[in-house]
Amino acid sequence: MRRELAAAALAVGIPAAAQQAHAQAFPSKPVRIIVPFAPGGSTDIVARLIARGLGEAWRQQVLVENRPGAGGTIGVDHVAKSPPDGHALIFGHVGTFGFGPSLYSKLPYDAVKDFAPIGLFTAVPNMLAVHPSLPARSVKELVALARARPGALNYASAGNGSASHLAVEYFKLLTATDIVAISYRGTGPMLVDMLAGHTVLTITGVPPLAPYVASGRLRAIAVGSTSRLPRYPGLPTVAESGYPEYEVTTWYGLLAPAKTPRETILQINSELSRMLARPDVRDALAQQAAEPMGSTPEAFGAHIQREIVRWARVIKAAGVPIE
Ligand code: MLT
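Along each chain, residue indices are assigned from 1 in the same order as the chain's sequence is written. Totals for whole chains, interfaces and linings use all residues, but because this is a predicted model, local features are given only for residues with pLDDT of at least 70 and pairs of side-chain atoms are given and counted only at 80 or more. Heavy atoms throughout the structure, all of them, feed into the side-chain values; hydrogens and water do not.

Novice: Would you take a moment to explain helix 12 (residues 297-318) for this structure?
Specialist: Residues that lie three or four places apart on an α-helix share one face, since the helix turns once every 3.6 residues. The helix count covers DSSP runs of H or I at least four residues long, the strand count covers runs of E at least two residues long, and both are numbered beginning at the N terminus. For a helix, the expected span equals 1.5 Å multiplied by the residue count minus one. Across its 22 residues, helix 12 extends 31 Å between first and last C-alpha, which sits within 8% of the 32 Å expected from 1.5 Å per residue. Buried, partly exposed and exposed residues are distinguished by accessible area as a fraction of the type maximum, computed with a 1.4 Å probe on protein chains only: under 20%, between the cut-offs, and over 50%, respectively. Looking only at helix 12, the buried set comprises Pro-297, Phe-300, Gly-301, His-303, Ile-304, Glu-307, Ile-308, Trp-311, Val-314 and Ile-315. Projected down its long axis, helix 12 carries its buried residues within an arc of 150 degrees, all on one side. In helix 12, the exposed positions angled more than 90 degrees off the buried face are occupied by Arg-306, Arg-313, Lys-316 and Ala-317. The contact criterion used throughout is that any non-hydrogen atoms of two residues lie within 4.5 Å. On the buried face of helix 12, the contacting elements are helix 5 (95-103), strand 4 (115-130), helix 7 (163-175), strand 9 (249-257) and helix 10 (262-277). Gly-319 lies just past helix 12 and shows a positive phi near 65 degrees. Our arc is simply the arc of the directions from the helix axis toward the C-beta atoms.

Okay, structure coming up:
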């Protein structure tokens, strides 16, 4: 529509400055970034950083709205059906746009066709943490414990199709262990039960786990990235602990509904790139052990399609139940 309007403006000779003003009309009201999980998880923590940066740049309110449920698919669906004008965006991740399409047989949206990718923002490393009551101080000890008592240990995830769900299912596949899934509506509520000892293991982003690992209320035993994290040099990777294929990093990026004007997508993409160059944003990400990423909208779209293919294979091999 806006392209047609711009073409019509050219045809009737509307001055360039007025066309410019039209192109810059976004955002014309508060922008909502939908976080499809409860507050307190990595998605929420990183989305709030972006919302602050975009709000400052646009001098417009950019709000984080939590719409948890069904492994993030409720929030994603909300954005798929929102007006395509850039004012409702989804903060997507490896779960909602990588595993979800293979885990849910009847999604009310198409994760590729119904969205316009804007750009990748960051990659958050995962940590394997256990409740201190569990007598396991290494991946080796954990695997031995789980193998000795198949089906006796449980793990907490942020819902079927969340990053934490597949991170543990992939771990179970490679370690040939049987650990029972307990699902929550996000890492925030999941941690409440885990701190109380009702669940004993999780693999989720470093940001929400870090304070509890520091205070000793949870015990970190490994990281899910391909190399050790500078902030936790003593913590081995799962890969070096005997499972070299293991790697789960939670990537995050912004997407808009499919028919959002191209100029709005590019405008938000440029703002993300500017934010990623800011030392304060890079510092804030580094404090969360997160890595700045950045990409064009096209590269993000290609990344999503590759991830869907990659995870479809893992889901099939692991025999993860399809909803
Ligand atoms: C969250 O924000 O709760 C997590 O990022 C969810 C997840 O594990 O995917």
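Additional details are given in the paragraphs that follow.
Novice: How should the pattern of salt bridges be read in this particular structure?
Specialist: A side chain with one charge may pair with a side chain of the opposite charge, provided their charged atoms come close. Every case where a carboxyl oxygen of Asp or Glu lies within 4 Å of a side-chain nitrogen of Lys or Arg is listed as a salt bridge. Taken as a whole and assessed by the stated rule, the structure comprises 13 salt bridges. A salt bridge links Glu-65 to Arg-32; the shortest N-O distance between them is 3.1 Å. Taken together, the residues span a long stretch of sequence, with Glu-65 in strand 2 (residues 62-66) and Arg-32 in strand 1 (residues 31-35) at a distance of 33 residues. Arg-32 gets classed as partly exposed once you look at its relative accessible area, which sits at 22%. Glu-271 is paired through a salt bridge with Arg-274; the nearest N and O atoms lie 2.9 Å apart. Residue Glu-271 and its partner Arg-274 are both found in helix 10; the two are separated by three residues, about one turn of the helix. The class for Glu-271 is buried, based on a relative accessible area of 11%. In this structure, a network of salt bridges that share partners links the residues Arg-32, Glu-65 and Arg-67.

Novice: Is there a simple way to explain the packing of helix 8 (residues 187-195) against helix 9 (residues 206-215) in this structure?
Specialist: Geometry of a packed helix pair, given as the angle between the helix axes and the separation of the axes. Lines are fitted to the C-alpha atoms to define the axes, a helix being fitted only along its stretch in contact, and any angle between axes, read from their N-to-C directions, falls within 0 to 180 degrees. Where helix 8 contacts helix 9, the two axes come as close as 11 Å, and the packing angle between them is 25 degrees. Considered as vectors, helix 8 and helix 9 are oriented roughly parallel to each other. In terms of crossing hand, the pair formed by helix 8 and helix 9 is right-handed. Where helix 8 abuts helix 9, its residues Thr-187, Leu-191 and Leu-195 lie against Pro-208, Leu-209 and Tyr-212. For the contact of helix 8 with helix 9, the class distribution of residues is five nonpolar, one polar and no charged. An angle counts as roughly parallel when it lies under 35 degrees, as roughly antiparallel when it exceeds 145, as roughly perpendicular when it falls between 65 and 115, and as oblique in every other case. By convention, the crossing between two helices is left-handed when the near helix turns anticlockwise from the far helix through less than a right angle, and right-handed when the turn is clockwise. Any residue that is not Ala, Val, Leu, Ile, Met, Phe, Trp, Tyr, Cys, Pro, Asp, Glu, Lys or Arg is counted as polar, Gly included; the first ten are nonpolar and the last four charged.

Novice: I tried to follow the packing of aromatic side chains on my own but got confused; where do I start?
Specialist: Here a ring pair, both rings aromatic, is described through the centre-centre distance and the interplanar angle of the planes. Two aromatic rings, drawn from Phe, Tyr or Trp (for Trp, its six-membered ring), form a pair once their centres lie within 6.5 Å of each other, and the interplanar angle then sorts them: stacked below 30 degrees, edge-to-face above 60, tilted otherwise. Under the criterion given, the structure shown has nine aromatic pairs. With centroids separated by 5.0 Å and ring planes inclined at 15 degrees, the aromatic side chains of Phe-91 and Tyr-252 adopt a geometry described as stacked. In this pair, Phe-91 sits in strand 3 (residues 88-93) while Tyr-252 sits in strand 9, placing the two residues 161 residues apart along the sequence. Judged by relative accessible area, Phe-91 falls into the buried class, the value being 0%. Measuring from centroid to centroid gives 6.0 Å for Tyr-109 and Phe-115, while their planes differ by 90 degrees, and the two rings are edge-to-face.

Novice: What am I meant to see in the layout of surface pockets here?
Specialist: Here the idea is plain: a probe the size of a water molecule rolls over the atoms and shows the empty space left. Of the grid points, spaced at 1 Å and generated over the protein atoms alone, those admitting a 1.4 Å probe that cannot get out make up cavities, while open sets with protein on both sides within 12 Å along at least five of seven lines make up pockets; any residue with an atom within 4 Å of a point is treated as lining. Grid points are joined across faces, edges and corners, and a volume is the space filled by probe spheres set on the points. Reported here for the largest pocket is a volume of approximately 330 Å³. Within the residue set of the lining of the largest pocket, elements represented by two or more residues are strand 4 and strand 9. Note: domain ranges come from an automatic or database domain assignment. Both domain 1 (2-124 + 249-318) and domain 2 (126-241) contribute no fewer than three residues apiece to the lining of the largest pocket.

Novice: For this particular structure, what's the right way to read empty space enclosed by the protein?
Specialist: For the coordinates displayed, the defined rule picks out one cavity of 30 Å³ or more. For the largest cavity, the calculated volume is near 120 Å³. Lining the largest cavity are 15 residues, and of these Thr-43, His-93, Thr-187, Thr-204 and Tyr-252 sit closest to its centre. Secondary-structure elements contributing two or more residues to the lining of the largest cavity are helix 3 (42-58), helix 7, strand 7 (201-205) and strand 9. Residues that form the lining of the largest cavity fall into these classes: four nonpolar, eleven polar and no charged. Both domain 1 (2-124 + 249-318) and domain 2 (126-241) contribute no fewer than three residues apiece to the lining of the largest cavity.

Novice: How should the environment of Val-309 be read in this particular structure?
Specialist: On the secondary structure map, Val-309 appears in helix 12. For the pair formed by Val-309 and Arg-137, sequence separation is 172 residues and the distance between their alpha carbons is 34 Å.

Novice: Can you walk me through unusual backbone geometry in this structure?
Specialist: As a rule of thumb, non-glycine residues mostly have phi less than zero, and peptide bonds are mostly trans rather than cis. Backbone torsion omega between Phe-26 and Pro-27 reads -5 degrees, so that peptide bond is classified as cis. Examined against the element boundaries, Pro-27 turns out to sit in the loop between helix 2 (16-23) and strand 1. Here the phi dihedral of Ala-70 falls at roughly 50 degrees; this positive angle occurs in a residue that is not glycine. Tracing the sequence through the fold places Ala-70 in the loop between strand 2 and helix 4 (73-80). Even without being a glycine, Ala-176 presents a positive backbone phi close to 50 degrees. Among the secondary structure elements, Ala-176 is positioned in the loop between helix 7 and strand 6 (180-183).

Novice: Would you explain the site of the ligand in this entry?
Specialist: Summary of the distance rule: residues count as near a molecule or strand when at least one heavy atom falls within 4 Å of that molecule or strand. In the vicinity of the ligand, the contacting residues are Phe-37, Gly-41, Ser-42, Thr-43, His-93, Ala-158, Ser-162, Ala-163, Ser-164, Gly-186, Thr-187 and Tyr-252. Here a polar contact is recorded for every N or O atom pair within 3.5 Å, except that within protein the pair must consist of a potential hydrogen donor and a potential acceptor, and residues adjacent in sequence are included only if both atoms are side-chain atoms. At 3.5 Å from an oxygen atom of the ligand is found a main-chain nitrogen or oxygen belonging to Ser-42. Only the protein chains shown count as cover for residues, and all accessible areas are computed by the Shrake-Rupley method using a 1.4 Å probe. Contact with the protein chains covers 99% of the free accessible surface of the ligand, which is 270 Å². Most atoms of the ligand, that is more than half of them, are within 2 Å of grid points of the largest cavity. Just a note on the criterion: a molecule sits in a pocket or cavity if more than half of its atoms are within 2 Å of the grid points.

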